[in-house]
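Below, each chain spelled out in residue letters.
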Amino acid sequence: QRWFADKVDAFRDIKEKSVLADPGPKIDQSHAKSAFGLDYTGHADDGAFLNHLEKQRAIFLERKEKGTKPGEGGNAPFFAVIQSSGYGKSRLISQISACRDQQYDVIYWTFASKQAYPPKNVEISELQFNSLRREALEKALHREISVAVGNAQSGRQADSETIFIQLGTNTKPPQMQQRTDQKRIIFVVDEASELLGKFTSDGVSFYRALRTAFTKFETEASWLFFVVMSTFSSITYLSPELAMDPSFKPYSGYDDVNQNPLNPFILGSSFRVNNDRHAILTKTVEECHDPQCLYSMGRPLWKALLTGTTPMLPHKLLSYGRKKLRNSLDNDIKLTKKEEILAVLSVRLCLSISPTSWYVPSLVACHMGTALSISEDRMSMVVTYPSEPVLAVGAKMFMKNQENIGRMISALQEFLSYGAVDKGYKGELIVRLLMTLAMDKAMGSEEVKEVQLKDYLVQFDRDDADLGELINGLNNNGYKQFDVEEELKKLKRLNLDWPDSRAILEDKKRNLPAQAPPPLTYADGSVCFTHFVYLSKSTQGELITHDLLRYAYRRSAAIVVEEGRRGIDKVIPLRVEEDKFVGLVVQHKNRASDTLQSLTRADNPATHHKVNVEYFLTEAEKETFRSAGVDLERNWPAILFAVGVDKVGAEVATQLEQKRFRHNNLSNTDRFDFPCIILTGLDYSKLMTADAAARLKDLRDFEFVPSLQKREDIPITYGS
C-alpha cells in the first residue's frame, strides 16, 4: 500500500515536471525595476484578493474542524494566485505590504532568478541535491518559515537579503507565538513554479515538499496563511490526477495533503488599468495609433516598461513581446512548436480554445495566454487572448513567412481534430485568416497604419477574378472613373497589350467628356486592424454601436460578432470621416453548391437584405449611429466569402430589393441599391503559396472520421 501511494506521488511529480517549461525571455533588470517602481494604480482585485484570502481561511478552518489527523480534511493552509506574466501579481503583494493601515503583515519569498525583479531572495544549496531527501527538505523549510514568521512578529530584520535554507541541521524550529494584536500574516511564495523542476534524491519535487511544510502550520491558520504565486497553473493541480479517477481507490491509511486544495485566485482586473474605454476615446485615432500609446493597451506590464524611469523603446518592447509570445530568446521567425503556433493564431484570430486542452496550462505559463477561471475540480481552465496590440503587431512578423502560414493551417487542422480548438467555427477561422493576411499585405511594413478600403479589398484579387471594377460597386451613385492602370491590366489579361497602349489610353482619358468629381464613397474610407476580438452578448442589447467601432479602430481590432447575430459574422470598423465610422460587414458560407449566379440573385437573402443595417442592427444600435451623424440610408459595404466553392470567381450583388426591418411594420417597402462583394473559392495566390492554399482547402474539407471498425460499431452516426 505504501508502495502504491509512492507511485501516485511519483506520477504527480512527473506530471508537474512535464508541464514545466523555460519561463522564457527576461528583460534587463533596470527596465523591470523602473517599471516596478511606478506609482501603483488600484483596481478591483486589490480588495478582491483580501476577500478571497479570508474566504479560503474560513473554508480551511471549517475543514480542519472536521479532520482527525494533521493534513486530513483541512489540507494545507494555502491557495495559489495564478495569471500570465505581466498582470502585476508581485506588484499587488508589494502594495498590500506597503499599506500600513491594512490589518496584515506580509512575508515575501521569491524563487525567481537573480536577474528578475523582484530578485530571488531564497536559496537552497544545490550542492546537497544528490543526497537530499524529502523529509530533510520539509524539516528545513518548516524551520526557515518559522524563523521568518518569528522575525515578522518581533519586528526583527533578517540577517541578510537572501535567505539560505540550511539542510541537515538538527536545530528545532522556534516556538510559534500566539498573536496578541489584530494583525495577521500573509506568507507569500512567489515564482513557486521554479521548485517544480527540482527534485530530492528520493524523487519528490521541492514544491511538494514546500506544500507539506505548510501543513505544519495548520494550528496557526487563524492568523497565518500562505499564498503561492506563479504563471504555472500546475501549482494548483489544474490537470486531472490519479486520485480524481473514480477507479482509483486509495488504501485507508493513504494521506495526501492536497487532494482537495483551496480555490485559486485569478488576478484579472489589473487589465482594466490601461484599457479605460472612455480615456481611449478622448484621444484621436492618430494619437492612439502612435506606438507609445497603442502598445500600452493591454496588461500593465507594457505601459510600465514604456514609461518607467528607464523606459524601453517601443520597437524594443515589440521584440520583447514577440519573444514572450513564443517563449524563446532567439530572433528566428520559424514556428515549429504547436504551443507557439496556437498562441500566435489565438492572438490574431481570436481562437476558441478548449478549456480541457493539454495546451491550456502552457499557454498561460509560457505564451502570454490570460486565465479567466479554473473549475473547482481542476479539470479545466478557461483561457483567452484579449486585445493586446503589441502582441498582435509582434505576431505579424511570423505570418509574413509563407512556410509558417502552411504550418499554421496544418496545425489548425490538427487542433480541430482532437478538440483543442472549437471545430464549429472552421469556416470562420478560414475567413479570419484570409482577412488578416490581406490586411498585413496592404499595410506592408510592421508599422500599424490605415489603409483605404479599396486598397484593402484589392488584396483579394485573383488572376481569374479581377476585383478592380467590382470595388467601384461600393459607390452608390454608380460613378466610375476611367483608370489607365486598370485598363492596361485588362489588355494584358487578353494578350492585347501593345507598346503604345498606355499612350492611347491616356489620350482617351484626356478626351473623355467632363465629369463631376466623384463623391466621397465608403471605398475611400480607411480600415486598420491587426487582430480579431470576440463580441460577447450583453443584457443591454446594444452591442454594435458607433462608439464600439471608434474604440475597436483605435485598438487596431476587428470584431467577431456575438452568437445569434442575424445576417453577419464580422464587422471591420471603417473610418469614413475624422471620427465617424461605419462597418465593413462580412459573412461566410461553406456550401459547396453555391454559385455566383445563385448568390447574386435578388432573392438570395445572404447577399441582399441580410447585409443591410436595417436587418442586422437593432433599433437602439442604429440610433447610436444616427446620433453620431452617420447616414444609415447609405449602405455599408459587405463581403460574402463562399469558402465551400471550388470554382474561383468574384461578383457584386447590387440588385434592387425591399428593405427588411427587424420590427413587424410590413408597410416599409422602399427600394434601394446596396452592393455585396461575393468571393468564391480559396485560390488566393497573391496571399499565400500554392502549397498553403492546398492546405487551406484540406482544412476546409476536413472532417474527423474514425476507422472503419469504429464506424461499424457506432449505429446511425457512421453505420447502419
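What counts, and at which threshold
- Residues numbered from 1 in each chain as written.
- Predicted model: local features only at pLDDT ≥ 70, side-chain atom pairs only at ≥ 80, totals over all residues.
- Heavy atoms only, no water.
- Helix = DSSP H or I, 4+ residues; strand = E, 2+ residues; numbered from the N terminus.
- Contact = heavy atoms within 4.5 Å.
- Areas by Shrake-Rupley, 256 points an atom, 1.4 Å probe, with all protein chains shown as cover.
- Buried < 20%, exposed > 50% of the residue type's maximum accessible area, 1.4 Å probe, protein only.
- Phe/Tyr/Trp six-rings, centres within 6.5 Å; stacked < 30°, edge-to-face > 60°.
- Lys NZ or Arg CZ within 6 Å of the ring centre and 35° of its normal.
- Core = buried A, V, L, I, M, F, W, Y, C linked by side-chain atoms within 4.5 Å.
- Salt bridge = Lys/Arg side-chain N within 4 Å of Asp/Glu carboxyl O.
- Pairing = 2+ DSSP bridges.
- Axes fitted to C-alpha atoms, helices over the stretch in contact; angles between N-to-C directions.
- Arc of directions from axis to C-beta.
- Parallel < 35°, antiparallel > 145°, perpendicular 65-115°, else oblique.
- pLDDT = per-residue confidence, 0-100.
- Disulfide = S-S within 2.5 Å.

Chemist: How would you explain the overall build of the protein if you had to name every residue and give the values?
Modeler: Counting secondary structure elements, the protein contains 25 helices and 20 strands. A separation threshold of at least 6 residues defines the contact pool for the protein, and within that pool the share at least 24 residues apart is 75%. For the protein, the exposed area adds up to about 32,300 Å²; of that, 50% sits on carbon and sulfur atoms.

Chemist: Describe the environment of Glu-577, with residues and values.
Modeler: As for its placement among the helices and strands, Glu-577 is situated in strand β14 (residues 570-577). What makes Glu-577 partly exposed here is its relative accessible area of 43%. Between the alpha carbons of Glu-577 and Asp-524 there is a distance of 9.8 Å; along the sequence they are 53 residues apart.

Chemist: Can you lay out the packing of aromatic side chains for me, pointing to particular residues and giving the numbers?
Modeler: What describes a pair of aromatic rings is the distance from one ring centre to the other and the angle between the planes of the rings. One pass over the structure, following the stated rule, counts 19 aromatic pairs. On the basis of an interplanar angle of 50° and a centroid distance of 5.5 Å, the ring pair of Phe-78 and Phe-214 is categorised as tilted. Separated by 136 residues along the polypeptide, Phe-78 in strand β1 (residues 78-82) and Phe-214 in helix α6 (residues 206-214) bring together distant segments of the chain. By relative accessible area, Phe-78 is classed as buried at 5%. By relative accessible area, Phe-214 is classed as buried at 0%. Taken together through their ring pairs, the aromatic side chains of Phe-78, Trp-109, Phe-187, Phe-214, Phe-217 and Phe-226 make up a single cluster. Here Arg-566 stacks its cationic end above the ring of Tyr-615, 3.9 Å away from the centre of that ring. Over the ring of Tyr-522 we find Arg-634, and its NZ or CZ is 4.2 Å from the ring centre.

Chemist: Explain the nonpolar core residue by residue, including any values.
Modeler: Membership of the largest hydrophobic core comes to 177 residues, with the highest contact counts inside it found for Tyr-456 and Phe-460. With 11 residues, the top contributor of residues to this core is helix α16 (residues 426-443). Ignoring any residue separated from it by four or fewer positions in sequence, one finds Phe-460 in contact with Leu-434, Met-435, Ala-438, Leu-467, Phe-641, Leu-679, Tyr-684 and Leu-687. Counting 21 residues, the second largest nonpolar core, distinct from the first, contains Phe-60, Ile-93, Leu-267 and Phe-271.

Chemist: An account of the pattern of salt bridges is requested, with residue identities and associated values reported.
Modeler: A side chain with one charge may pair with a side chain of the opposite charge, provided their charged atoms come close. For the coordinates displayed, the defined rule picks out 33 salt bridges. Linking Lys-183 and Asp-105 is a salt bridge whose minimum nitrogen-to-oxygen distance equals 3.7 Å. Residue Lys-183 is located in the loop between β4 (163-165) and β5 (184-190), and its partner Asp-105 is located in strand β2 (residues 104-110); the two are separated by 78 residues in the primary sequence. Accessibility expressed as a relative area gives 23% for Lys-183, which makes it partly exposed. Overlapping salt bridges, with partners in common, bring together Glu-286, Glu-450, Arg-575 and Glu-578 in one network.

Chemist: Describe the sheet that holds strand β7 (residues 265-266), naming the residues involved and giving the relevant values.
Modeler: The five strands are arranged β2-β5-β6-β1-β7 in an open sheet whose pairing can be described as parallel. Only two strands of the sheet have a single partner each, and these edge strands are β2 and β7. As judged from the five bridges shared by β5 and strand β6 (residues 224-230), these two strands associate in the parallel manner. When the bridges of β6 are listed, Phe-187 appears paired with Phe-226. Here helix α4 (residues 89-98) sits on the sheet and contacts β1, β2, β5 and β6; the angle it forms with β2, its principal contact strand, is near 145°.

Chemist: If you had to explain helix α23 (residues 619-627) to someone new, which residues and values would you point to?
Modeler: Looking at α23, one finds that the buried residues are Glu-621, Lys-622 and Phe-625. Here the buried residues of α23 occupy an arc of 100° about the axis, which is enough to place them on one side. Close packing links the buried residues of α23 with α20 (546-554), β15 (580-589) and α22 (613-616). Once α23 ends, the next one or two residues include Gly-629, with phi positive near 85°.

Chemist: Just give me the short version of the packing of helix α11 (residues 314-326) against helix α14 (residues 389-399), but keep the residues and values in it.
Modeler: In contact at an axis separation of 8 Å, α11 and α14 are set at 75° when each is read in the N-to-C sense. On the basis of their axis angle, the class for α11 and α14 is roughly perpendicular. Judged by residue contacts, Leu-317, Leu-318, Gly-321, Arg-322, Leu-325 and Arg-326 of α11 engage Val-390, Leu-391, Val-393, Gly-394, Ala-395, Met-397 and Phe-398 from α14.

Chemist: Please give an account of the confidence of the model for the protein that cites residues and values.
Modeler: Mean pLDDT over the protein stands at 79; residues scoring 70 or higher make up 78%. Across residues 70-74, confidence stays below pLDDT 50; counting only partners more than four residues off in sequence or on other chains, it has 10 contacts.

Chemist: Account for the environment of Gly-308, naming residues and giving values.
Modeler: Tracing the backbone shows Gly-308 in the loop between α10 (300-307) and α11. Distance in space between the C-alpha atoms of Gly-308 and His-31 is 7.1 Å, their sequence separation being 277 residues.

Chemist: I'd like a rundown of the packing of helix α12 (residues 338-349) against helix α15 (residues 402-417), residues and numbers included.
Modeler: Contact pair α12 / α15: the axes reach a minimum separation of 10 Å and the direction vectors enclose 100°. Between α12 and α15, the crossing angle belongs to the class labelled roughly perpendicular. Across the interface between the two elements, Lys-338, Ile-341, Leu-342, Val-344 and Leu-345 from α12 touch Arg-407, Met-408, Ala-411, Leu-412, Glu-414 and Phe-415 from α15.

Chemist: I'd like to hear about the side chain of Ser-362, residue by residue, with values.
Modeler: In this structure, Ser-362 sits in helix α13 (residues 360-366). Looking at Ser-362, the relative accessible area reads 16%, which means it is buried. The contact partners of Ser-362, leaving out residues within four places of it in the chain, are Glu-339 and His-367.

Chemist: I'd love a proper account of unusual backbone geometry, names of residues and values included.
Modeler: In this model, Cys-350 sits at a positive phi of 60°, which is unusual for a non-glycine residue. Here Cys-350 shows up in the loop between α12 and α13. Even without a glycine there, the phi angle at Ser-556 is positive, about 55°. By the element assignment, Ser-556 lies in the loop between α20 and β13 (557-560). Ser-556 sits in the buried class, given a relative accessible area of 0%.

Chemist: Outline the pairing of strand β16 (residues 638-642), supporting the account with residue identities and numerical values.
Modeler: Taking burial as the measure, the five residues of β16 include five buried ones, the bulk of the element. The two faces of β16 match: Ala-638, Leu-640 and Ala-642 on one face and Ile-639 and Phe-641 on the other face are all buried. Bridge count for β16 against strand β20 (residues 676-680) is four bridges, and the pairing is parallel. Paired with Phe-641 across the bridge in β20 is Leu-679.

Chemist: Break down α6 for me, with residues and values.
Modeler: Of all nine residues in α6, nine are buried, a share of seventy percent or more. Taken as a whole, α6 has its buried residues at Phe-206, Tyr-207, Arg-208, Ala-209, Leu-210, Arg-211, Thr-212, Ala-213 and Phe-214.

Chemist: Can you explain the environment of Leu-687? Please cite residues and give values.
Modeler: Within the element layout of this structure, Leu-687 appears in the loop between β20 and α24 (690-701). Take Leu-687: its relative accessible area is 7%, and that puts it in the buried class. Along the sequence, Leu-687 and Leu-434 sit 253 residues apart, while their C-alpha atoms lie 7.7 Å from each other. With sequence-adjacent residues up to four places away left out, Leu-687 is seen in contact with Gln-402, Leu-434, Leu-437, Ala-438, Lys-441, Gln-459 and Phe-460.

Chemist: Provide a residue-level description of the state of the cysteines, including the pertinent values.
Modeler: Formally, a disulfide is one covalent bond, and it connects the sulfur atom of one cysteine to the sulfur atom of another. Tallying each qualifying case throughout the model produces zero disulfides. Not engaged in a disulfide, the cysteine Cys-293 finds its nearest cysteine sulfur in Cys-288; these two sulfurs lie 4.5 Å apart.

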